[in-house]
Amino acid sequence: MSTATKDAVEPRQEARRRDWRFAAKALASPYSGTTILLAALVVYFAASSSEFLETSNILVILGAAAAIGIVAIGQTFVVVSGGFDLSVSGTAPLAAVVFGKIANDGSGIVPALIVALAVGAAVGLANGLMISRAGFNPLIATLGTASITGGLAFVVSKGLTVIYEDRSTGFLAERSVGEIPNQVWVLLFVACLTFVVLRYTTFGRSLYSLGGNWEASWLAGMRVNLLSTMVYVICGVTAALGGIVIASQLLAADGQLASNYALLSIAAVILGGGSLTGGEGGVVGTVIGVLALGVLTNGMALLHVSSFYQEMATGGVLLLAVGLGRIRQLVNVA
Amino acid sequence: MTKAKVPFLVLFACVLAVAITACGSSGSDSSSAASESTTAASGDSGAESETTSGSGGEEGKALLEGAKVSFANYTDAAPVYLELKKGVEAAAQETGVDLSTYDNKGEAQQTLQNAQLMANSNPDMIMDLNPVAGTTQSAEDLFERGSIPCIAVNVPGAGYCPWIDLSNQALGTEMAKVVAKEAEAKGWKASDIEVILVQSAGLGPAVNSSIGFYYEELSKLIPGLPTIGSFKDIGPETTTIGDSVVQVNGEALRQPSFEAVENALQTIPADKHLIIYSISDESSLGAYTAVQRAGRQDDLLITGLAGSEEGLEQLRNNPAWVAEGDVFFSHWGEYLMAMAAAIMEGQETPDMTAAPIATETKNLSIKGTGIVPISTYYKPNSVQPYRLPPLQPEEKAVTSAGESGTVGNQYLEKTGVLQLFGNVTGLEK
Amino acid sequence: MLPSLSPLIETRHVSKSFGSSQVLNAVDFSLDAGQSVAVVGENGAGKSTFAKIITGVLSPDAGEVIFENEPVSFGSPRDAIKAGVALIPQELAYVPQLTVAENLLVNRLPSTFGFTSPSHLFKEAERLSKEFELEVPVRRLMSELSLADRQIVEILKALSRDSRLIVLDEPTASLTEAESNHLYEILGRLGERGLGIVAISHRMDEVYKFFGRADVFRNGERVFSGSPDQTPRAELIRHMLGREKEELEDIETAPRGAPVLRIQSWSSEAIPELHDVSFEVAEGEVVSLFGVRGCGADTVADGLAGRGRRIEGAVEVSGRPERIFRNPRAARRAKVGFVPAERKRDGLVLGQSIEANVSFLVIDTLSVAGFVRGRARRRLAEDAIRDFDIRARNVGQQVGTLSGGNQQKVLLASRLAPDPTVLVLHEPTRGVDIGARIEIHRLLRRLAAAGKALLVITTDVEEAVAIADRLLIMREGRLVDEMAAAERSQARALRSAVGGAA
């Protein structure tokens, strides 16, 4: 090639590379795919249904997203550190049942709350010890725990529903500030707290290290077992809290609560940029993921879509969002 | 690559062979279970029951005494079915039956597994609550191969097992009558009404047909509501009927029903009166909480179905809860035992044996129907019925499978089993 | 700097065994501050285990480790790091998704009451970079750095922890010569500041160029320690092998047969680029393709492997024109065999037996109606063990438990099993000890003599020169030089590869 043509070719290649880099940056954030999806869903439903954007409906969406959101945020800790927790589906109803029983006995709401959250922490501790010390595979360990806690929920409730006899027991679902139900504030609080921890504390940063390369973290002297156990404890507590929130909305707790929360919470974290191998993910992404799923469910209900198609749509959305994420990865590599 | 497929075919053939042998061997010869009956047999076995026997108490009891009965519950995890099981256990004790219980866990695989286990244990009678309509055939094949008599409970049999079930037609129609009357009393016009139907899509028409019956009747009694051709027009895919009716899937559970209705309410203008119907108490409770959270419980007429403790409490205390479809689940046990005795005696059974039902209201009653005030069967503050509805003569009706057939339970009288319990209206001791 | 009166680190009679095999046997060792020692030896000699013991990754079964005059017992790497000893493993231990700064400061994030912030982090990382005079791009992600730069980050990480002793395992295995020089220059500087350095290395050239002391490990014992200046290579190698190194015989160049592989005008815009590369390989000859990292030889390798690189051009196998292989299957169908560079990741199934691995590619031909003929498979593996002199207990031994050299032989056997017309080898003796290396090279020559066409793509100049009938040099995506057997020289090869005086 003569130098003349070569010079002509170079700028063109350079320009093309610049375009790629721009596109890559635009899709830079790990949850960009999900954000686009959320935006698209909102636009679509707003256009298709006049009720979608009404305040009351938005509050319904947020209120419904709170419980799964809280659980998914706890799950974020675990997924970032390289594991995952399937036992949330059992811990949530167990805590809800325990909370109800104690509150009904008249022992007071605060003690009930403390005990229920402690139950969640205990389950998390068991998970953490099994996985970090005994080296159990997280899949097997948490699946086992899910069955045990779920079964325990039925045992404690004797198979019957535990009604929250006093309306105040379900205070987490009441409205204290305007029309916004309390559980939304709880979600906000948990989200902000987690954001700060994951980004601005040494504990949070070390989780990314742990998930990104366990071996390197260990070699660097990190207390890998301790960290690993702690994330499961956190996840157990949030699962308990989430279960109580659901039950507060229903004013009743039974063993069937939150039965699909295990996969749903992990899906939300993945939608939010998390990776099952660890080292990635974050609160903002998870919350967007939760909202995307919530908007989808609500929107389809407003449009009176048959429940069978609703299930298919949820699965489709998950694949779509993950697919967008893959495209981003490939663009970045190019 | 064809070469690679061959080992799979061989493997498949082996598995198939093993499976066939395994299934075949379970049909061991069952010594005729009925032959355990009795030296004291008075009537001829196999004879049609034409005459009513006066006291029959001893006959029925004799047949059941010591009989081995296997009972597979729908799921022990749901409160209503737990009650059902407890009732069966109590009835077994009263009649001297040797009872073994199983839990189908609400899923097909477990049900088939249990069916296998029950068939292998070769009892005198199998009672099976099959949660998934499609698998009844396979389960019944197992029983038939073992020549074991059986009763299909709550979900229609596939032909071999006689069937007992609550009548969706009766309940649905009666509850519609109550709701229509209440709406009329309130002066509600059809144009201001929105109906929310809460189905459980996965449970099939055997459960959901009551919705069809309900709405068919309701639309006739409240002129102006969009009409449907027949109860069959409402299926799992139905989501709206005209502008006035919405159907959502509550999965017969509280949380999903809550969430589904919560979303549905967003599409219903705030000034509309609400009528809600669901196929279970759990569903109705979830739906009610959603309405309550939206602050619209004062403009609501809602009914429940099951007669559970919570349902009854709602009927008594909740102004919006106007009817409770009571199925007396906790007492099905005695009817099951009676039916077992009838089968063992050789009686012919109707297409659908009617389980005891009643549509209870606060204090409304309509002659010629099963609509009665709750006090008819319950003492105040009690959740255990002290009396059960009278037996019904067999007559042509629509079964809960949606087909025409004979429905009734009068024939149980002959066995004398119900008389043991002394709580059925008309059969007191 | 005052000379220290006592050694920086000392081991006395350290022993370690795994199960029934004694990996280290009563090893005595000492190193002064500011001293650097190259630890050499065949694979399986115990070098890595020794390194892991003095850095806390493993604990010795017997013996003492004394660091800075205090007996120490490291229960974990954490303890060793706290004491001042750091390990930089061969595979490097970093988190790719995090920034350089976060990796540098892993587990020591600058914080107040547990709170930290990105800007704080970058500032601290830059401060360290300046302090130790090692420039690193603190804001970039680790995954974006070249391997050499990542290595430097690791070293900075170790230094910034106030390590007084750094142990490096094969630090230059994947670096080019320029990068290795740079690395050793840094290490030399650090040595002057009093840092003790232990480096495990297979590269004789580097040992002789950069180290004042070389220790030889053999069969779990430290058998020799001396200054490279005063020890001829042959002697060092003799200590390593326990016998004289057999020199590779001169190549008898057999008359070339017909060309069976023709690469025609390969060009690629993907990095590393290719510009119009053409050459051929004939039956019975070994062609070496040599160049430094980034010269494009890797792209050629990937193209022949069928790894989906976007390459334009044509290829001819045995006179049959083919499309550039879209995937490995296409390459196999064209009877082009490929031995990948990363044997553990791309070539072997470590958890499976020798038998399974050897028969990997030809399992269909060993099967009837989909069922594998066990005896045929076993015989294939037994033949391989015999022909390639693979040291193993039996055909059922897990490949993961073999030494590097033996693993490579298993890999070679598996790729030869389908009887390809041409065999392309990518870095055939990377991570392989000297004894096995010589055996493999001899094997390759034998294969050529038997009529196979071999293309060896390597960044190891010794290797490229030692076995080639023809030596091709690439630089910046182009073929720049060709040497016949008689003209082979490492010096000329390097010169052509880097462009200019070596």
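Keep in mind that what you see is a predicted model, and the values were worked out from it rather than measured. (Residues numbered from 1 in each chain as written. Chains lettered and ligands numbered in written order. Predicted model: local features only at pLDDT ≥ 70, side-chain atom pairs only at ≥ 80, totals over all residues. Heavy atoms only, no water.)

**Some details on the pattern of salt bridges**
- Scanning the entire structure with this criterion turns up 36 salt bridges over all chains.
- Ionic pairing is found between E179(A) and R175(A), a salt bridge with its closest N-O pair at 3.1 Å.
- For R175(A), a relative accessible area of 40% translates into the label partly exposed.
- One salt bridge connects E322(C) with R320(C), and the closest N-O pair in it is separated by 3.3 Å.
- For E322(C), a relative accessible area of 24% puts it in the partly exposed group.
- Classification of R320(C) by relative accessible area gives partly exposed; the value is 41%. (Salt bridge = Lys/Arg side-chain N within 4 Å of Asp/Glu carboxyl O. Buried < 20%, exposed > 50% of the residue type's maximum accessible area, 1.4 Å probe, protein only.)

**Quick notes on the confidence of the model for chain B**
Residue and element names in this part refer to chain B.
- Per-residue confidence for chain B gives a mean pLDDT of 84, with 85% of residues at or over 70.
- This model gives residues 21-57 a pLDDT under 50, and the stretch forms 28 contacts once residues within four places in sequence are excluded.
- Among the scores for the predicted complex, ipTM is 0.79 and pTM is 0.72. (pLDDT = per-residue confidence, 0-100. Contact = heavy atoms within 4.5 Å.)

**Regarding the sheet that holds strand β15 (residues 395-398) of chain B**
All names here are of chain B.
- The strand order across the open sheet formed by eight strands is β2-β1-β3-β4-β5-β12-β16-β15, and the pairing between neighbours is mixed. Among the strands making up the open sheet, the edge pair consists of β2 (98-103) and β15. Averaged over all neighbouring strand pairs, the angle between strand axes comes to 30 degrees, with direction disregarded.
- Relative to strand β3 (residues 125-128), strand β1 (residues 68-73) is paired through four bridges, and the arrangement is parallel. Bridge pairing links F71 to M127 in β3.
- Running over the sheet, helix α4 (residues 108-121) touches β1, β2 and β3 and is turned about 160 degrees from β2. (Pairing = 2+ DSSP bridges. Helix = DSSP H or I, 4+ residues; strand = E, 2+ residues; numbered from the N terminus. Axes fitted to C-alpha atoms, helices over the stretch in contact; angles between N-to-C directions.)

**A look at unusual backbone geometry**
- Even without being glycine, E170(C) reaches a positive phi, approximately 50 degrees.
- When you line up the elements, E170(C) lands in the loop between β7 (165-169) and α6 (177-192).

**Overview of the sheet that holds strand β15 (residues 320-322) of chain C**
Residues and elements named next belong to chain C.
- Taken together, the four strands give an open sheet; going across it, the order is β12-β11-β14-β15, and neighbouring strands pair in antiparallel fashion. Here the strands that pair on one side only, and so sit at the sheet edges, are β12 (274-282) and β15. Neighbour-to-neighbour, the strand axes of the sheet open up by a mean angle of 10 degrees, direction not taken into account.
- Lying over the sheet, helix α9 (residues 297-305) contacts β11 (259-268), β12 and β14 (311-317), oriented at roughly 120 degrees with respect to β11.

**Describing the state of the cysteines**
- Evaluated as defined, the whole model comprises one disulfide over all chains.
- Covalent S-S linkage joins C150(B) and C161(B), the inter-sulfur distance amounting to 1.9 Å. Disulfide C150(B) to C161(B): torsion about the S-S bond roughly -100 degrees, handedness left-handed. Within this pair, whereas C150(B) is found in strand β4 (residues 150-153), its partner C161(B) is found in the loop between β4 and β5 (163-165), the two being separated by eleven residues in sequence. One exposure class covers both C150(B) and C161(B), and it is buried.
- Cysteine C192(A) is unpaired, with the sulfur of C235(A) as its nearest cysteine sulfur at 19 Å. (Disulfide = S-S within 2.5 Å.)

**Some details on helix α1 (residues 47-54) of chain C**
All names here are of chain C.
- Within α1, six of the eight residues are buried, leaving the element largely enclosed by the surrounding structure.
- Residues K47, T49, F50, A51, I53 and I54 constitute the buried set of α1.
- After α1 finishes, the residue G56 shows a positive phi value of roughly 85 degrees.

**Section: the nonpolar core**
- M127(B), I151(B), L218(B) and I275(B) are the most contacted members of the largest nonpolar core, which totals 189 residues.
- The next biggest cluster of nonpolar side chains, apart from the first, holds 51 residues, and it includes L134(C), A148(C), L195(C) and I197(C). (Core = buried A, V, L, I, M, F, W, Y, C linked by side-chain atoms within 4.5 Å.)

**Comments concerning the pairing of strand β8 (residues 245-249) of chain B**
Residue and element names in this part refer to chain B.
- Most of β8 sits out of view: five of its five residues are buried.
- Here β8 shows no split at all, with V245, Q247 and N249 on one side and V246 and V248 on the other all buried.
- In this structure, strand β6 (residues 193-199) lies alongside β8, joined through five bridges in parallel fashion. What sits directly across from L197, in β8, is Q247.
- As paired strands, strand β7 (residues 240-241) and β8 are joined by two bridges and run antiparallel to one another. Of the residues in β8, the one forming a bridge with T240 is V246.
- Remark: three residues form the turn of the hairpin made by β7 and β8, two consecutive strands paired antiparallel; G242 in that turn has positive phi of roughly 55 degrees.

**A look at the side chain of S278(B)**
Residues and elements named next belong to chain B.
- Among the secondary structure elements, S278 is positioned in strand β9 (residues 273-278).
- The exposure class of S278 is buried, given its relative accessible area of 0%.
- At 2.8 Å, the side chain of S278 forms a polar contact with the backbone oxygen of S280.
- A distance of 2.7 Å separates polar atoms of two side chains, one belonging to S278 and the other to S284.
- Dropping the residues within four chain positions of it, S278 is found in contact with V198, S283, S284, T303 and L305. (Polar contact = N/O pair within 3.5 Å; in protein donor to acceptor, adjacent residues only side chain to side chain.)

**Regarding the interface of chain A and chain B**
- Taken residue by residue, the interface counts 36 residues in chain A and 25 residues in chain B.
- At the boundary of chain A with chain B, total buried surface from both sides reaches about 2,600 Å², with 54% on carbon and sulfur atoms.
- At the surface where chain A touches chain B, the tally comes to one salt bridge.
- Joining chain A to chain B, the criterion identifies ten residue pairs in polar contact (both at pLDDT 80 or more).
- If you list the elements that add at least two residues to the side of chain A that touches chain B, you get α3 (55-80), α10 (224-250), α12 (283-302) and α13 (307-333) of chain A.
- Among the residues forming the side of chain A that touches chain B, the class breakdown is 18 nonpolar, twelve polar and six charged. (Buried area = accessible area lost by both parts, 1.4 Å probe. Nonpolar A, V, L, I, M, F, W, Y, C, P; charged D, E, K, R; others polar.)

**Section: the environment of K181(B)**
Residues and elements named next belong to chain B.
- One can find K181 in helix α6 (residues 168-186).
- You can call K181 partly exposed: its relative accessible area is 42%.
- Taking C-alpha positions, K181 is 9.5 Å from L364, a pair spaced 183 residues apart along the chain.

**A short note on the pairing of strand β13 (residues 286-290) of chain C**
All names here are of chain C.
- Counting buried positions along β13 yields five of five residues, so the element is predominantly enclosed.
- Alternating positions in β13 separate into two faces, V286, S288 and F290 on one and V287 and L289 on the other, with burial throughout.
- As defined by bridge partners, β13 adjoins strand β20 (residues 453-458) across five bridges and the pair is classed as parallel. Pairing of F290 across the sheet is with T458, part of β20.
- For β13 and strand β21 (residues 470-475), the ladder comprises four bridges, and the chain directions are parallel. Looking at β21, one finds that L289 is bridged to L472.

**Section: the environment of S36(C)**
- Following the sequence through the fold, S36(C) ends up in strand β3 (residues 36-40).
- Each C-alpha atom of the pair S36(C) and L361(C) lies 46 Å from the other, and the pair is 325 residues apart in sequence.

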